[in-house]
Amino acid sequence: MNNFASLSTPRILVTGATGQIGSELTMALRQKYGGSQVIAAGHTTAPDSLLATSGPFEVLDILDTSALSHIIQKYQVDTVYHLVSLLSAKGEKNPDLAWQINLIGLKNVLDAAREYKIKKIFWPSSIAVFGPDTPKMNTSQSTILNPTTMYGLTKVAGELLCQYYFLKYGVDVRSIRYPGIISYKTAPGGGTTDWAVDMFIQALRTRDYTCFVREETTLPMMYMPDAIRAAIQITEAEASTLRHRPSYNLTAVSFSAGELAMAIQQHLPDFTCAYQPDERQMIADSWPQTIDDTFSRNDWGWQPQFNLDMIVRDMLANLSPVEKLSVQTTNTH
Ligand SMILES: NC(=O)c1ccc[n+]([C@@H]2O[C@H](COP(=O)([O-])OP(=O)(O)OC[C@H]3O[C@@H](n4cnc5c(N)ncnc54)[C@H](O)[C@@H]3O)[C@@H](O)[C@H]2O)c1
(Lines give C-alpha, C1' and ligand atoms only; values in the text may rest on other atoms or scores of the structure.)
Protein backbone atom coordinates (compact mmCIF):
# COMPACT_ATOMS: atom_id res chain seq x y z
CA MET A 1 0.00 0.00 0.00
CA ASN A 2 2.83 2.42 0.70
CA ASN A 3 6.57 2.57 0.27
CA PHE A 4 7.66 4.36 3.44
CA ALA A 5 11.39 4.61 4.02
CA SER A 6 10.98 3.02 7.43
CA LEU A 7 8.20 2.44 9.91
CA SER A 8 10.41 3.83 12.69
CA THR A 9 10.60 7.30 11.11
CA PRO A 10 7.50 9.42 11.60
CA ARG A 11 4.71 9.29 9.03
CA ILE A 12 3.66 12.88 8.83
CA LEU A 13 0.56 14.65 7.53
CA VAL A 14 0.84 18.40 6.90
CA THR A 15 -2.55 20.10 6.57
CA GLY A 16 -2.64 23.54 4.97
CA ALA A 17 0.45 22.41 3.05
CA THR A 18 0.13 24.93 0.23
CA GLY A 19 0.05 27.87 2.66
CA GLN A 20 2.83 30.30 3.53
CA ILE A 21 4.25 28.11 6.33
CA GLY A 22 2.99 24.71 5.14
CA SER A 23 4.69 24.90 1.74
CA GLU A 24 8.13 25.38 3.32
CA LEU A 25 7.56 23.12 6.35
CA THR A 26 6.51 20.22 4.09
CA MET A 27 9.72 20.51 2.07
CA ALA A 28 11.86 20.78 5.24
CA LEU A 29 10.22 17.67 6.70
CA ARG A 30 10.67 15.76 3.42
CA GLN A 31 14.33 16.72 3.39
CA LYS A 32 14.68 15.39 6.91
CA TYR A 33 12.58 12.22 6.69
CA GLY A 34 12.25 11.45 2.98
CA GLY A 35 9.56 12.47 0.50
CA SER A 36 7.31 9.45 0.95
CA GLN A 37 7.08 9.94 4.74
CA VAL A 38 5.44 13.37 4.48
CA ILE A 39 1.94 13.74 3.04
CA ALA A 40 1.04 17.24 1.89
CA ALA A 41 -2.68 18.02 2.14
CA GLY A 42 -3.88 21.10 0.28
CA HIS A 43 -7.37 22.52 0.06
CA THR A 44 -7.50 22.41 -3.72
CA THR A 45 -5.69 20.72 -6.56
CA ALA A 46 -1.94 20.15 -6.31
CA PRO A 47 0.18 23.18 -7.14
CA ASP A 48 2.55 23.03 -10.07
CA SER A 49 5.62 22.73 -7.87
CA LEU A 50 7.95 20.36 -6.01
CA LEU A 51 5.36 20.17 -3.25
CA ALA A 52 3.24 17.94 -5.46
CA THR A 53 6.06 15.88 -6.97
CA SER A 54 8.49 15.30 -4.08
CA GLY A 55 6.01 13.20 -2.06
CA PRO A 56 2.33 12.31 -1.73
CA PHE A 57 -0.21 15.11 -2.23
CA GLU A 58 -3.86 14.85 -1.18
CA VAL A 59 -6.77 17.27 -1.49
CA LEU A 60 -8.45 17.75 1.88
CA ASP A 61 -11.22 19.99 3.18
CA ILE A 62 -10.55 19.99 6.91
CA LEU A 63 -14.29 20.04 7.57
CA ASP A 64 -14.66 16.68 5.79
CA THR A 65 -14.00 14.24 8.64
CA SER A 66 -14.28 11.11 6.52
CA ALA A 67 -11.69 12.41 4.03
CA LEU A 68 -9.38 13.22 6.97
CA SER A 69 -9.84 9.70 8.41
CA HIS A 70 -9.23 8.17 5.00
CA ILE A 71 -5.90 9.96 4.55
CA ILE A 72 -4.72 9.11 8.09
CA GLN A 73 -5.52 5.43 7.57
CA LYS A 74 -4.21 5.26 4.01
CA TYR A 75 -0.77 6.53 5.00
CA GLN A 76 -0.73 5.23 8.61
CA VAL A 77 -0.09 8.78 9.78
CA ASP A 78 1.37 9.10 13.30
CA THR A 79 2.25 12.83 13.37
CA VAL A 80 0.20 15.79 12.16
CA TYR A 81 1.38 19.35 11.54
CA HIS A 82 -2.01 21.06 11.43
CA LEU A 83 -1.62 24.40 9.63
CA VAL A 84 -5.06 24.96 8.12
CA SER A 85 -6.38 28.36 9.11
CA LEU A 86 -8.18 31.50 8.03
CA LEU A 87 -5.83 34.28 9.14
CA SER A 88 -6.70 37.47 11.03
CA ALA A 89 -7.63 39.89 8.24
CA LYS A 90 -9.49 37.26 6.20
CA GLY A 91 -11.18 36.01 9.36
CA GLU A 92 -12.61 39.48 10.07
CA LYS A 93 -14.13 39.49 6.58
CA ASN A 94 -15.79 36.11 7.20
CA PRO A 95 -16.02 35.35 10.94
CA ASP A 96 -18.40 32.38 10.51
CA LEU A 97 -16.00 30.66 8.15
CA ALA A 98 -13.07 31.45 10.48
CA TRP A 99 -14.94 29.77 13.36
CA GLN A 100 -15.59 26.68 11.23
CA ILE A 101 -12.13 26.31 9.74
CA ASN A 102 -10.06 27.34 12.75
CA LEU A 103 -11.99 25.70 15.56
CA ILE A 104 -14.13 22.92 14.08
CA GLY A 105 -11.21 22.02 11.78
CA LEU A 106 -8.91 21.76 14.81
CA LYS A 107 -11.46 19.66 16.70
CA ASN A 108 -11.71 17.32 13.71
CA VAL A 109 -7.94 16.80 13.85
CA LEU A 110 -7.97 16.27 17.64
CA ASP A 111 -10.82 13.74 17.35
CA ALA A 112 -8.96 11.88 14.60
CA ALA A 113 -5.86 11.90 16.83
CA ARG A 114 -7.87 10.18 19.57
CA GLU A 115 -9.39 7.65 17.22
CA TYR A 116 -6.24 6.73 15.28
CA LYS A 117 -3.79 7.12 18.17
CA ILE A 118 -1.75 9.84 16.47
CA LYS A 119 1.46 10.22 18.47
CA LYS A 120 1.99 13.97 18.11
CA ILE A 121 0.24 17.04 16.75
CA PHE A 122 1.83 20.42 16.05
CA TRP A 123 -0.68 23.24 15.92
CA PRO A 124 0.39 26.90 15.79
CA SER A 125 -1.40 29.49 17.84
CA SER A 126 -0.60 33.19 17.38
CA ILE A 127 0.17 36.49 19.07
CA ALA A 128 -3.49 37.19 18.10
CA VAL A 129 -4.49 35.50 21.40
CA PHE A 130 -3.59 38.79 23.08
CA GLY A 131 -5.93 41.78 23.05
CA PRO A 132 -6.01 45.56 23.56
CA ASP A 133 -5.85 45.24 27.35
CA THR A 134 -2.82 42.90 27.32
CA PRO A 135 0.48 44.57 28.35
CA LYS A 136 2.24 45.52 25.10
CA MET A 137 5.88 45.18 26.07
CA ASN A 138 7.68 41.94 26.89
CA THR A 139 4.28 40.26 26.98
CA SER A 140 4.40 37.20 29.16
CA GLN A 141 3.22 33.67 28.57
CA SER A 142 0.37 33.85 31.05
CA THR A 143 -1.28 37.23 30.81
CA ILE A 144 -4.64 38.63 29.74
CA LEU A 145 -5.99 36.73 26.72
CA ASN A 146 -8.86 38.88 25.60
CA PRO A 147 -8.69 39.20 21.79
CA THR A 148 -11.12 41.29 19.77
CA THR A 149 -10.82 39.40 16.45
CA MET A 150 -12.56 36.14 15.51
CA TYR A 151 -9.11 34.79 14.56
CA GLY A 152 -7.72 35.56 18.03
CA LEU A 153 -10.82 34.16 19.67
CA THR A 154 -10.44 30.85 17.77
CA LYS A 155 -6.77 30.70 18.79
CA VAL A 156 -7.58 31.16 22.51
CA ALA A 157 -10.38 28.58 22.31
CA GLY A 158 -8.09 26.32 20.26
CA GLU A 159 -5.37 26.48 22.91
CA LEU A 160 -7.89 25.51 25.58
CA LEU A 161 -9.26 22.73 23.39
CA CYS A 162 -5.75 21.32 22.87
CA GLN A 163 -5.11 21.45 26.60
CA TYR A 164 -8.43 19.69 27.25
CA TYR A 165 -7.63 16.87 24.81
CA PHE A 166 -4.16 16.54 26.34
CA LEU A 167 -5.43 16.34 29.93
CA LYS A 168 -8.51 14.24 29.25
CA TYR A 169 -7.41 11.94 26.42
CA GLY A 170 -3.60 12.20 26.44
CA VAL A 171 -3.47 13.71 22.92
CA ASP A 172 0.08 15.09 22.67
CA VAL A 173 -0.37 18.54 21.09
CA ARG A 174 2.57 20.91 20.87
CA SER A 175 1.85 24.56 20.18
CA ILE A 176 3.63 27.88 19.79
CA ARG A 177 2.25 31.38 19.40
CA TYR A 178 3.83 32.51 16.15
CA PRO A 179 4.52 36.21 15.59
CA GLY A 180 4.23 37.60 12.02
CA ILE A 181 6.14 35.38 9.58
CA ILE A 182 8.31 36.85 6.82
CA SER A 183 9.21 34.73 3.79
CA TYR A 184 9.91 34.93 0.07
CA LYS A 185 8.66 31.61 -1.34
CA THR A 186 4.87 31.61 -0.82
CA ALA A 187 2.70 34.69 -0.42
CA PRO A 188 1.20 35.26 3.03
CA GLY A 189 -2.42 34.20 3.44
CA GLY A 190 -4.23 37.37 4.56
CA GLY A 191 -2.89 38.33 7.97
CA THR A 192 -2.27 41.66 9.72
CA THR A 193 1.52 41.36 9.38
CA ASP A 194 1.45 40.89 5.58
CA TRP A 195 2.83 44.44 5.18
CA ALA A 196 6.24 43.16 6.22
CA VAL A 197 6.38 40.90 3.14
CA ASP A 198 4.51 43.27 0.79
CA MET A 199 7.01 46.06 1.52
CA PHE A 200 9.92 43.99 0.14
CA ILE A 201 8.01 43.05 -3.00
CA GLN A 202 6.98 46.63 -3.78
CA ALA A 203 10.44 47.95 -2.93
CA LEU A 204 11.87 45.69 -5.61
CA ARG A 205 9.01 46.12 -8.06
CA THR A 206 8.29 49.87 -8.05
CA ARG A 207 10.56 51.34 -5.34
CA ASP A 208 7.52 52.61 -3.47
CA TYR A 209 4.97 51.12 -1.12
CA THR A 210 1.85 52.32 0.64
CA CYS A 211 1.78 50.54 3.97
CA PHE A 212 -1.60 49.62 5.53
CA VAL A 213 -0.42 50.30 9.09
CA ARG A 214 1.08 53.49 10.60
CA GLU A 215 4.82 54.10 10.47
CA GLU A 216 5.29 53.58 14.22
CA THR A 217 3.29 50.31 14.34
CA THR A 218 5.60 47.78 15.96
CA LEU A 219 4.97 44.02 15.95
CA PRO A 220 6.88 40.84 16.81
CA MET A 221 8.17 39.06 13.68
CA MET A 222 10.13 36.00 12.63
CA TYR A 223 11.92 34.85 9.48
CA MET A 224 10.64 31.64 7.90
CA PRO A 225 13.74 29.48 8.55
CA ASP A 226 13.37 30.24 12.28
CA ALA A 227 9.63 29.48 12.13
CA ILE A 228 10.25 26.09 10.46
CA ARG A 229 13.02 25.19 12.90
CA ALA A 230 10.77 26.07 15.86
CA ALA A 231 7.92 23.86 14.57
CA ILE A 232 10.16 20.83 14.10
CA GLN A 233 12.13 21.44 17.30
CA ILE A 234 9.10 21.59 19.61
CA THR A 235 7.47 18.61 17.87
CA GLU A 236 10.60 16.55 18.41
CA ALA A 237 11.20 17.71 22.00
CA GLU A 238 10.95 15.20 24.84
CA ALA A 239 7.37 15.34 26.11
CA SER A 240 8.55 15.66 29.70
CA THR A 241 10.37 18.96 28.96
CA LEU A 242 7.18 20.70 27.76
CA ARG A 243 5.80 22.13 30.97
CA HIS A 244 3.50 24.75 29.40
CA ARG A 245 1.01 22.76 27.40
CA PRO A 246 -1.58 25.08 26.00
CA SER A 247 0.92 27.07 23.92
CA TYR A 248 4.35 28.69 24.14
CA ASN A 249 5.17 32.34 23.50
CA LEU A 250 7.73 32.64 20.71
CA THR A 251 9.55 35.54 19.13
CA ALA A 252 12.64 36.53 17.17
CA VAL A 253 12.65 40.27 16.47
CA SER A 254 10.31 43.28 16.78
CA PHE A 255 10.33 46.29 14.48
CA SER A 256 8.03 49.03 13.26
CA ALA A 257 6.90 49.57 9.69
CA GLY A 258 9.12 52.67 9.58
CA GLU A 259 12.14 50.75 10.84
CA LEU A 260 11.66 48.09 8.16
CA ALA A 261 11.38 50.79 5.49
CA MET A 262 14.64 52.34 6.72
CA ALA A 263 16.38 48.95 6.76
CA ILE A 264 15.31 48.36 3.14
CA GLN A 265 16.49 51.89 2.19
CA GLN A 266 19.99 50.93 3.36
CA HIS A 267 20.07 48.61 0.32
CA LEU A 268 17.67 50.46 -2.00
CA PRO A 269 18.20 54.18 -1.26
CA ASP A 270 15.50 55.32 -3.72
CA PHE A 271 12.78 53.29 -1.99
CA THR A 272 9.99 55.39 -0.47
CA CYS A 273 7.21 54.30 1.83
CA ALA A 274 3.87 56.05 2.54
CA TYR A 275 1.44 55.08 5.29
CA GLN A 276 -2.30 54.74 4.82
CA PRO A 277 -3.80 52.72 7.68
CA ASP A 278 -6.88 50.62 6.89
CA GLU A 279 -9.06 48.33 9.02
CA ARG A 280 -6.03 46.14 9.81
CA GLN A 281 -4.54 48.98 11.92
CA MET A 282 -7.04 48.24 14.68
CA ILE A 283 -6.00 44.58 14.74
CA ALA A 284 -2.30 45.51 14.80
CA ASP A 285 -2.93 47.97 17.65
CA SER A 286 -4.51 45.19 19.71
CA TRP A 287 -1.37 42.98 19.58
CA PRO A 288 1.82 43.17 21.68
CA GLN A 289 4.96 44.91 20.45
CA THR A 290 7.48 42.61 22.10
CA ILE A 291 7.11 39.10 23.49
CA ASP A 292 8.75 37.28 26.40
CA ASP A 293 9.54 33.75 25.19
CA THR A 294 11.66 32.68 28.16
CA PHE A 295 9.68 29.46 28.67
CA SER A 296 10.38 28.32 25.10
CA ARG A 297 14.08 29.04 25.56
CA ASN A 298 14.22 27.21 28.89
CA ASP A 299 11.97 24.23 28.17
CA TRP A 300 12.86 23.20 24.63
CA GLY A 301 15.93 25.27 23.80
CA TRP A 302 14.41 27.91 21.50
CA GLN A 303 16.96 30.33 20.03
CA PRO A 304 16.15 32.51 16.99
CA GLN A 305 18.89 33.01 14.41
CA PHE A 306 17.70 35.88 12.19
CA ASN A 307 17.72 39.54 13.27
CA LEU A 308 16.27 42.40 11.19
CA ASP A 309 19.47 43.07 9.24
CA MET A 310 19.83 39.38 8.30
CA ILE A 311 16.17 39.15 7.29
CA VAL A 312 16.44 42.21 5.02
CA ARG A 313 19.62 40.98 3.31
CA ASP A 314 18.21 37.50 2.75
CA MET A 315 14.80 38.70 1.52
CA LEU A 316 16.32 41.14 -0.98
CA ALA A 317 18.85 38.56 -2.20
CA ASN A 318 16.21 35.91 -2.76
CA LEU A 319 13.43 38.09 -4.19
CA SER A 320 15.78 40.02 -6.45
CA PRO A 321 15.90 40.74 -9.34
CA VAL A 322 12.30 39.72 -10.04
CA GLU A 323 10.03 39.19 -7.07
CA LYS A 324 8.76 35.65 -7.45
CA LEU A 325 6.50 34.64 -4.62
CA SER A 326 4.17 31.87 -5.60
CA VAL A 327 0.58 32.77 -4.88
CA GLN A 328 -1.38 30.14 -3.03
CA THR A 329 -4.23 28.35 -4.74
CA THR A 330 -7.48 29.88 -3.61
CA ASN A 331 -8.51 28.94 -0.10
CA THR A 332 -11.98 30.28 0.41
CA HIS A 333 -15.16 28.46 -0.25
N1 LIG B 1 1.89 33.42 8.71
C2 LIG B 1 1.87 34.06 9.85
O3 LIG B 1 2.34 35.20 9.96
C4 LIG B 1 1.29 33.38 11.08
C5 LIG B 1 1.39 34.03 12.32
C6 LIG B 1 0.83 33.44 13.44
C7 LIG B 1 0.25 32.18 13.34
N8 LIG B 1 0.17 31.57 12.14
C9 LIG B 1 -0.50 30.25 12.07
O10 LIG B 1 0.26 29.32 11.35
C11 LIG B 1 -0.61 28.43 10.64
C12 LIG B 1 -0.27 28.45 9.17
O13 LIG B 1 -0.40 29.79 8.71
P14 LIG B 1 -0.05 30.25 7.23
O15 LIG B 1 0.51 31.60 7.34
O16 LIG B 1 0.70 29.21 6.52
O17 LIG B 1 -1.52 30.39 6.66
P18 LIG B 1 -1.98 30.39 5.13
O19 LIG B 1 -3.24 31.15 5.03
O20 LIG B 1 -0.86 30.75 4.25
O21 LIG B 1 -2.29 28.83 4.93
C22 LIG B 1 -3.43 28.23 5.48
C23 LIG B 1 -3.88 27.16 4.50
O24 LIG B 1 -5.15 26.63 4.97
C25 LIG B 1 -5.84 26.21 3.80
N26 LIG B 1 -7.28 26.10 4.08
C27 LIG B 1 -8.20 27.08 4.27
N28 LIG B 1 -9.41 26.54 4.45
C29 LIG B 1 -9.27 25.20 4.39
C30 LIG B 1 -10.14 24.10 4.53
N31 LIG B 1 -11.46 24.26 4.75
N32 LIG B 1 -9.65 22.85 4.42
C33 LIG B 1 -8.33 22.65 4.18
N34 LIG B 1 -7.44 23.65 4.03
C35 LIG B 1 -7.90 24.90 4.14
C36 LIG B 1 -5.56 27.28 2.76
O37 LIG B 1 -5.67 26.74 1.48
C38 LIG B 1 -4.13 27.70 3.10
O39 LIG B 1 -3.23 27.10 2.19
C40 LIG B 1 -2.03 28.89 10.97
O41 LIG B 1 -2.53 28.16 12.06
C42 LIG B 1 -1.84 30.34 11.37
O43 LIG B 1 -2.86 30.77 12.22
C44 LIG B 1 0.68 32.13 11.00
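So, how was this worked out
Residue positions are given per chain, counting from 1 as you read along its sequence in written order. Side-chain atom pairs in this predicted model are given and counted only at pLDDT of 80 or more, local residue features only at pLDDT of at least 70, and totals for whole chains, interfaces and linings cover all residues. To obtain the side-chain values, all non-hydrogen atoms of the structure were included, while hydrogens and water were left out. Criterion used throughout: strands pair if DSSP finds at least two bridges between them. Strands are runs of DSSP state E lasting at least 2 residues, helices are runs of H or I lasting at least 4, and numbering of each runs from the N terminus. Between N-to-C directions, angles span 0 to 180 degrees; the directions come from axes that are lines fitted to C-alpha atoms, helices contributing only their stretch in contact. Here, two residues are considered to be in contact whenever any of their heavy atoms come within 4.5 Å of each other. Aromatic rings from Phe, Tyr and Trp, taking only the six-membered ring of Trp, are treated as a pair when their centres fall within 6.5 Å; an angle between ring planes under 30 degrees marks them as stacked, one over 60 as edge-to-face, and anything in between as tilted. Only protein chains enter the accessibility calculation, which uses a 1.4 Å probe; a residue is then buried when its area is under 20% of its type maximum, exposed when over 50%, and partly exposed in between. For a ring to carry a charge above it, either NZ of a lysine or CZ of an arginine must fall within 6 Å of the ring centroid while also lying within 35 degrees of the normal to the ring plane. Here a salt bridge means any side-chain nitrogen of Lys or Arg lying within 4 Å of a carboxyl oxygen belonging to Asp or Glu. Roughly parallel covers angles under 35 degrees, roughly antiparallel covers those over 145, roughly perpendicular covers 65 to 115, and oblique covers all other angles. When the near helix sits turned anticlockwise from the far one by under a right angle, the crossing is termed left-handed; a clockwise turn instead gives a right-handed crossing. Residue polarity follows a fixed list, in which Ala, Val, Leu, Ile, Met, Phe, Trp, Tyr, Cys and Pro are nonpolar, Asp, Glu, Lys and Arg are charged, and the others, Gly among them, are polar.

Caption draft 1: Spotlight on the sheet that holds strand β11 (residues 218-223). One open sheet accounts for three strands, arranged β9-β11-β13; its pairing is mixed. The open sheet terminates on both sides in strands that have one partner only, identified here as β9 (180-182) and β13 (253-256). Taken pair by pair, the neighbouring strands of this sheet meet at an average axis angle of 45°, ignoring direction. Sheet topology places β11 next to β13; four bridges connect them, and they run antiparallel. The residue of β13 that forms the bridge with Leu219 is Phe255. The strands that helix α8 (residues 224-236) touches are β9 and β11; relative to β11, the one it contacts most, it runs at about 70°.

Caption draft 2: Structural detail: the packing of aromatic side chains. Applying the stated rule across the entire model yields nine aromatic pairs. Plain terms: the ring middles of Tyr164 and Tyr169 are 6.3 Å apart, the flat faces sit at 80° to each other, and that makes the pair edge-to-face. Judged by its relative accessible area of 43%, Tyr164 falls in the partly exposed class. The class for Tyr169 is partly exposed, based on a relative accessible area of 35%. Ring geometry for Tyr165 and Tyr169: centres 5.1 Å apart, planes at 65°, overall edge-to-face. Separated by four residues within a single helix, Tyr165 and Tyr169 lie in helix α6 (residues 150-169), roughly one turn from each other. Taken together, the ring pairs in this structure connect Tyr81, Phe122 and Tyr178 into an aromatic cluster. Over the face of the ring belonging to Phe166 we find Arg245, whose NZ or CZ atom lies 4.2 Å from the ring centre.

Caption draft 3: Examining the side chain of Asn108 more closely. Tracing the chain through its elements places Asn108 in helix α5 (residues 95-116). Under the relative-accessibility criterion, Asn108 is labelled buried at 11%. Residue contacts for Asn108: discarding those within four places in its chain leaves Ile62, Leu63, Thr65 and Leu68.

Caption draft 4: Quick look at the pattern of salt bridges. This structure, assessed with the given rule, holds 17 salt bridges. Ionic pairing is found between Arg174 and Asp172, a salt bridge with its closest N-O pair at 2.8 Å. When its relative accessible area of 2% is taken as the criterion, Arg174 is described as buried. One salt bridge in this structure joins Arg280 and Asp278, with 2.6 Å as the shortest N-O distance. For Asp278, a relative accessible area of 25% puts it in the partly exposed group. Residues joined by salt bridges that share partners form a network here, namely Arg11, Asp78 and Lys119.

Caption draft 5: Structural view of the packing of helix α7 (residues 195-205) against helix α12 (residues 308-319). Across the interface, α7 lies against α12 with an axial gap of 10 Å and an inter-helix angle of 50°. One element, α7, and the other, α12, form an angle in the oblique class. In this structure, α7 crosses over α12, and the sense of that crossing is right-handed. On α12, the residues touching Phe200, Ile201 and Leu204 of α7 are Val312, Met315, Leu316 and Leu319. Of the residues in the contact of α7 with α12, the class split is seven nonpolar, no polar and no charged.

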